[in-house]
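# Coordinate analysis (summary)
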Amino acid sequence: MADEEGEEQDVVVVASTRKRPKVAWSDDLSHDSEEEREKERLAQLERELAETPVKPIYPQEDLEKLVGFVMKMTTLYDLRDEDWTDEAKQGIEEWILEPKHLMLSVYFRGDKLKATPDIPLVHVYDLTYFLRPPDHVFQVSTFHDEITFGTFVDSVESNMIQLLENVYAPYFFSVNTWPDSVKSEFCSHIHTFLAKLTDMYYKMLGLTVLYIPQEGQQLSFEKASADRELVKRLEGVVVYWTHQMKSCLEDTAFVASQKELLCPSDEYDFWIYRHENLNALLFQVKNPAVKHITKILVTTHSTFIHQFQALCEEVVQKIAEATSNIEYLQVIKQPCAILECVVDPDEISRHIPKIINLFRFIWMESPYYNSETRITNLFKALSNQIIILCRNYIKLDDLFDGATKKALGEFSKCIDCCKRYREIYDVMAEAHNEINPNSWMLDTGSIFNYIDSFIQRCFDMLDVCNCMIIFGRIDELEPISKSIFAGARGDVFEAKCDNIERLFFSALLDVRGVAHTILDVQAPSWYDDILNFRSVIKDIEIIIENLVESVFEGVNNVEEAVLALFSLNNYSKRNNLKRIFKRKTAEVWAMFSEEVQESKKDMVSTRSQHPADMPSFAGRATVLKMRKNRLMYLKKIMTDASVWMMACSSSEEVIMHVNRLTGAIDVAIRELWISWTHNLDEKCGAGLNRTLMRKSAENPGLLECNIDSNILDLCHEAAHWENLLMDIPLHAYQVYMKGKNVYYVFESVLAVVKGYNKILDSLSDEERLLFKPLINVSSFIYPSHF
């Protein structure tokens, strides 16, 4: 009963639809002309378009089964049961119930599974498609026979291989209506295309996959051997197999691209890959389809099959070689893994001796890895590993952001690390050769080629860092002030310094633009970039040399020269500019020495001279003291400047002359003081007991000051000697202590004398007689009291 009901249901479903008649226009020869056939074809299309298919009606159980079939046949990456949402199932049901929808697409949009009756307009990783004939209604019992489905992935090659090999190729191989020559040529091209496409696709995945034609597999080898055209086509396939296997067997070393450096771990991984690839190739060779083709060609005594069979035997030998190499390279896996985790280049040298010893062990013990070429490759891989570690340690972004001193330390560390690696290698090679003379003769040029190139690039970047500090004033530890110049042309000199910075930053911007190639030892373009940078730096150095000469043209004394050097001092750190700064530094010391000599000459020529407003002894001593202070001031300037100023061979001699001259000045001052003290009268205080005024002997009737001039000179000298911090004799000091009163009384007496004399001068002789009693009274002189 159930079967009968099922049959009735099937009948109902089929009866509810109308199938189109099948017309093969290419086989219809009943028309007289091509025009009539075209008219009938168009009429048939109009009739088909006019027909409206009736939507099928399924029992719920059958509809769920059909949806389940689609779900099980869907093949997508990481597809899980929980991805099938009600919305996706609803999309499948709508497609099954709508015969006019010819295609169903199942794919992921983001993380959400979609089922739509059209091709997605957005990019998808993979897509499973289901196709049906126009207006076709599926049945549960025949669904798998009627449905056409497949999966497209993001690889065009893979989709093309599947479509050609599984859909179109079997159809062309089974065609019997074509002439043998046409079919043979066409099928040969199909085999060639599929063989090359398969090889290319899987080679990009790192695998060697043989294209196995399905043609002739259903025939016995006796029957297939009788088909000469088929044998020719199979020979063409075997020739391509031979080419693939030769390439696989000759691939004995991992070839790095220009963007990567191979490390010891990559060498180990290569032999793991080679072992797997050779085993996969051996597995393919043992495929029954391959054996069937081989048997066909052996039966026909093909000349191509023997080479293929020889290569199959060589695959077995190469597998044994790969197995042995893996066993020996296994010993370096852990030490190299530890080395890969090192962060600081200073720690790298601690791991190198152990790894080199393991290389030596492999060299001496391995049956297949004991050639100089392969050991050289291992050392080259170790060199690459060290370069990668150093390259990861250096932060170029931090450098170009201003961390110049940090970058200087990083580059210096990497240079020292690479040099220690070379030293360790040389020491161990020498020790090995002492035991086995001339046994360690590897190509060191090849081993250290990249190391030497990396060291050179580190030196290049050290130069760039120094230029950033010198010409760009970029220093993260201490600010570098802008150059400031005095004088009328100061603005011009500062503008030149600004222009120098602009030129440098333009060149630095070009270097930053190629930062990705700086430490890439496989990128030769860096040599042109650093050459252009150094060309700009050379132009800047010439500008600075001219600037230095221009600045010193306006220098007139030591102070200005030192200030000019200080303004330009940052440029003196450049090696190529040290010559001119050494010369200018020598000129500054020469100016100082010349001023010392001039002071010495002046001291001799003006030994007996003193300023008019100063006493004889103390005046000369004061002038000497001023000269000494000037020399000591210049000495201090030069001594302080020696901290940042470049060294000069004559500096010590000049300082020695200054010290001698200042010492001589101190002696001369001491001698003047001694001379003054010796000229002092021990009874110099007696002059204080004299009358303040007396009658003038030269001008009768007038008065004159009677204060002892020696007392005034003594006080004047004593005041200056006291300023010179010299001791004053006691008897003179007692007088000097009354100096203020003496000067006050002296000025007062002078005022009285001048006033009195002025009055008397204004009187005639007759008037003087009139005032004679008053004049006689005023002429009485009282003794002084100091």
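Within each chain, residues carry numbers counting from 1 in the order of the written sequence. Where local features are concerned, this predicted model is filtered to residues with pLDDT of at least 70; where side-chain atom pairs are given and counted, the filter is 80 or more; whole-chain, interface and lining totals use all residues. Calculated side-chain values reflect all of the structure's heavy atoms, with hydrogen atoms and water omitted.

### Quick word on the overall build of the protein
Rules: A run of H or I in DSSP counts as a helix once it spans at least four residues, and a run of E counts as a strand once it spans at least two, with each numbered from the N terminus. Exposed residues in this analysis have more than 50% of their type's maximum accessible area, buried residues have under 20%, and partly exposed residues fall in between, with area computed by a 1.4 Å probe over protein chains only. It only takes one pair of heavy atoms within 4.5 Å for two residues to be counted as in contact. In this description, accessible areas are obtained by the Shrake-Rupley approach with a 1.4 Å probe, and a residue is regarded as covered only by the protein chains that are shown.
Helix and strand content of the protein: 31 helices and six strands. Within the protein, buried positions represent 43% of all 786 residues. Here the analysis covers contacts within the protein between residues at least 6 apart in sequence; of these, 72% occur between residues at least 24 apart. Looking at the protein as shown, the accessible area adds up to about 44300 Å², and 54% of this sits on carbon and sulfur atoms.

### What about the packing of helix H9 (residues 228-250) against helix H12 (residues 305-329)?
Formally: Geometry is summarised by axes, namely lines fitted to C-alpha atoms with helices restricted to the contacting stretch, and by angles between N-to-C directions that run from 0 to 180 degrees. Should an angle fall under 35 degrees it is called roughly parallel, over 145 degrees roughly antiparallel, and 65 to 115 degrees roughly perpendicular, with every other angle called oblique. Throughout, a crossing is termed right-handed when the near helix is turned clockwise from the far one, and left-handed when it is turned anticlockwise from it by less than a right angle. Three classes are used, and their members are as follows: Ala, Val, Leu, Ile, Met, Phe, Trp, Tyr, Cys and Pro are nonpolar, Asp, Glu, Lys and Arg are charged, and the others, Gly among them, are polar.
Axis separation between H9 and H12 bottoms out at 10 Å; the angle between their running directions is 25°. Classified by the angle their axes make, H9 and H12 are roughly parallel. Considering only the axes of H9 and H12, their crossing is left-handed. Together, Val 238, Trp 241, Thr 242, Met 245, Lys 246 and Leu 249 of H9 and Ile 305, Gln 307, Phe 308, Leu 311, Cys 312, Glu 314, Val 315 and Lys 318 of H12 make up the contact between the two elements. Taken together, the residues of the contact of H9 with H12 sort by class into nine nonpolar, two polar and three charged.

### Concerning the confidence of the model for the protein
Where we set the bar: Confidence scores labelled pLDDT are given residue by residue by the predictor and lie between 0 and 100.
Predicted confidence across the protein gives a mean pLDDT of 83, with 86% of residues reaching 70 or more. Long-range and interchain partners of residues 1-32, a stretch whose pLDDT sits below 50, account for 23 contacts in this model, where long-range means more than four residues apart.

### A word on the packing of aromatic side chains
Selection rule: Classification of ring pairs rests on two measures: the distance between centres of Phe, Tyr or Trp rings, Trp counted by its six-membered ring, which must be within 6.5 Å, and the angle between planes, read as stacked under 30 degrees, edge-to-face over 60 and tilted in between.
Within this structure, the stated rule accounts for 25 aromatic pairs. Between Phe 471 and Phe 504 the ring centres are 6.1 Å apart and the planes differ by 50°, which places this aromatic pair in the tilted class. In this pair, Phe 471 is assigned in the loop between helix H19 (449-470) and helix H20 (490-513) and Phe 504 in helix H20, connecting sequence segments 33 residues apart. Phe 471 gets classed as buried once you look at its relative accessible area, which sits at 1%.

### Quick look at the nonpolar core
Generally speaking, soluble globular proteins have nonpolar side chains that are buried together. Rules: Buried Ala, Val, Leu, Ile, Met, Phe, Trp, Tyr and Cys residues form a nonpolar core when they are joined through side-chain atoms within 4.5 Å.
Counting residues in hydrophobic clusters, the biggest one holds 133 residues, and the most contacted among them are Phe 411, Phe 471 and Trp 721. When neighbours within four sequence positions are excluded, Phe 411 is seen to be in contact with Ile 394, Leu 396, Leu 399, Cys 458, Met 461, Leu 462, Cys 465 and Leu 519. Counting residues in hydrophobic clusters, the runner-up holds 35 residues, among them Leu 210, Tyr 240, Cys 248 and Leu 311.

### Structural notes on the side chain of Ser 567
Quick reminder of the rule: Definition of a polar contact: a pair of N or O atoms within 3.5 Å, with one able to donate and the other able to accept a hydrogen when the atoms are protein atoms, and with sequence-neighbouring residues admitted only if both atoms are side-chain atoms.
With respect to the secondary-structure elements, Ser 567 resides in helix H23 (residues 558-567). A residue is classified by how much of its surface remains accessible, and Ser 567, at 11% relative accessible area, is buried. Polar contacts involving the side chain of Ser 567 include one to the main-chain carbonyl oxygen of Ile 484, which spans 2.7 Å. The contact partners of Ser 567, leaving out residues within four places of it in the chain, are Ser 483, Ile 484 and Phe 485.

### Some points on the packing of helix H25 (residues 616-641) against helix H26 (residues 651-679)
The geometry of H25 relative to H26 is characterised by a closest axis approach of 9 Å and an angle of 160° between their N-to-C directions. By the angle between their axes, H25 is roughly antiparallel relative to H26. Crossing angle aside, the handedness with which H25 passes H26 is left-handed. Residue composition of the contact of H25 with H26, grouped by class: 13 nonpolar, five polar and six charged.

### A word on the sheet that holds strand S2 (residues 112-116)
Spelled out, the test is: Think of it this way: DSSP has to see at least two bridges between two strands before they count as a pair.
In space, the four strands of this open sheet follow the order S2-S1-S3-S4, with antiparallel pairing throughout. What marks the edges here is a single partner per strand, and that holds for S2 and strand S4 (148-153). Neighbour to neighbour, the strand axes of the sheet diverge by 15° on average, direction disregarded. Pairing of strand S3 (residues 126-131) with S4, which is carried by six bridges, proceeds in the antiparallel orientation. Directly across from Thr 128, in S4, lies its bridge partner Thr 151. Across the sheet, helix H4 (residues 86-96) touches strand S1 (103-109), S2 and S3, and the angle it forms with S2 is around 10°.

### Thoughts on the side chain of Lys 628
For Lys 628, the location among the structural elements is in helix H25. When near neighbours in sequence (up to four residues on either side) are disregarded, Lys 628 contacts Thr 662, Ile 665 and Asp 666.

### Regarding the pattern of salt bridges
The condition is simple: Between Lys or Arg on one side and Asp or Glu on the other, a salt bridge is scored when a side-chain nitrogen of the former is within 4 Å of a carboxyl oxygen of the latter.
Summed over all chains, the structure comprises 29 salt bridges. Notably, a salt bridge pairs Asp 344 with Lys 413, separated by 3.2 Å at the nearest N-O pair. A residue pair is termed long-range when its members are at least 10 positions apart, and Asp 344 in the loop between helix H13 (333-340) and helix H14 (348-365) and Lys 413 in helix H17 (residues 404-435) qualify at 69 residues. Linking Asp 475 and Lys 405 is a salt bridge whose minimum nitrogen-to-oxygen distance equals 2.9 Å.

### A few points about a nonpolar patch on the surface
Operational definition: Patch rule: a residue counts if its relative accessible area is over 30% and it has no salt bridge; like charges are joined within 9 Å, and nonpolar side chains (Val, Leu, Ile, Met, Phe, Trp, Tyr) within 5 Å.
Together, Leu 730, Tyr 733 and Met 737 make up a nonpolar patch on the protein surface, roughly 320 Å² of accessible area in all. Inspection of the secondary structure puts Met 737 in helix H28 (residues 730-737). Judged by relative accessible area, Met 737 falls into the exposed class, the value being 51%.

### Observations regarding the pairing of S2
For S2, a buried count of four out of five residues is recorded, marking the element as mostly surrounded by other parts of the structure. Sheet topology places S1 next to S2; five bridges connect them, and they run antiparallel. From the neighbouring strand, Arg 109 faces S2, where its bridge partner is Lys 112. The turn linking S1 back onto S2 is made up of two residues, and Gly 110 within it adopts a positive phi angle of 70°.

### Thoughts on unusual backbone geometry
Phi is positive for Asp 78, close to 60°, though the residue is something other than glycine. Along the chain, the position of Asp 78 falls in the loop between helix H3 (60-73) and H4. Of note in this structure, Asp 135 is not a glycine but carries a positive phi near 65°. Looking at where Asp 135 falls in the secondary structure, it is placed in the loop between S3 and helix H5 (143-146). Asp 135 sits in the partly exposed class, given a relative accessible area of 22%.

### Some points on helix H11 (residues 288-299)
Residues spaced three or four apart along an α-helix point in a common direction, a consequence of the helix completing one turn every 3.6 residues. Worth spelling out the cut-off: An expected span of 1.5 Å times one less than the residue number is assigned to each helix.
Here H11 spans 16 Å end to end across twelve residues, near enough to the 16 Å set by a 1.5 Å rise per residue. Turning to H11, its buried residues are Ala 289, Val 290, His 292, Ile 293, Thr 294, Ile 296 and Leu 297. Check the buried side of H11 and you find it contacts helix H8 (221-226), H9, helix H10 (264-285) and H12. For H11, the N-terminal cap is Asn 287; the gap from its side-chain oxygen to the backbone nitrogen of Ala 289 is 2.8 Å.

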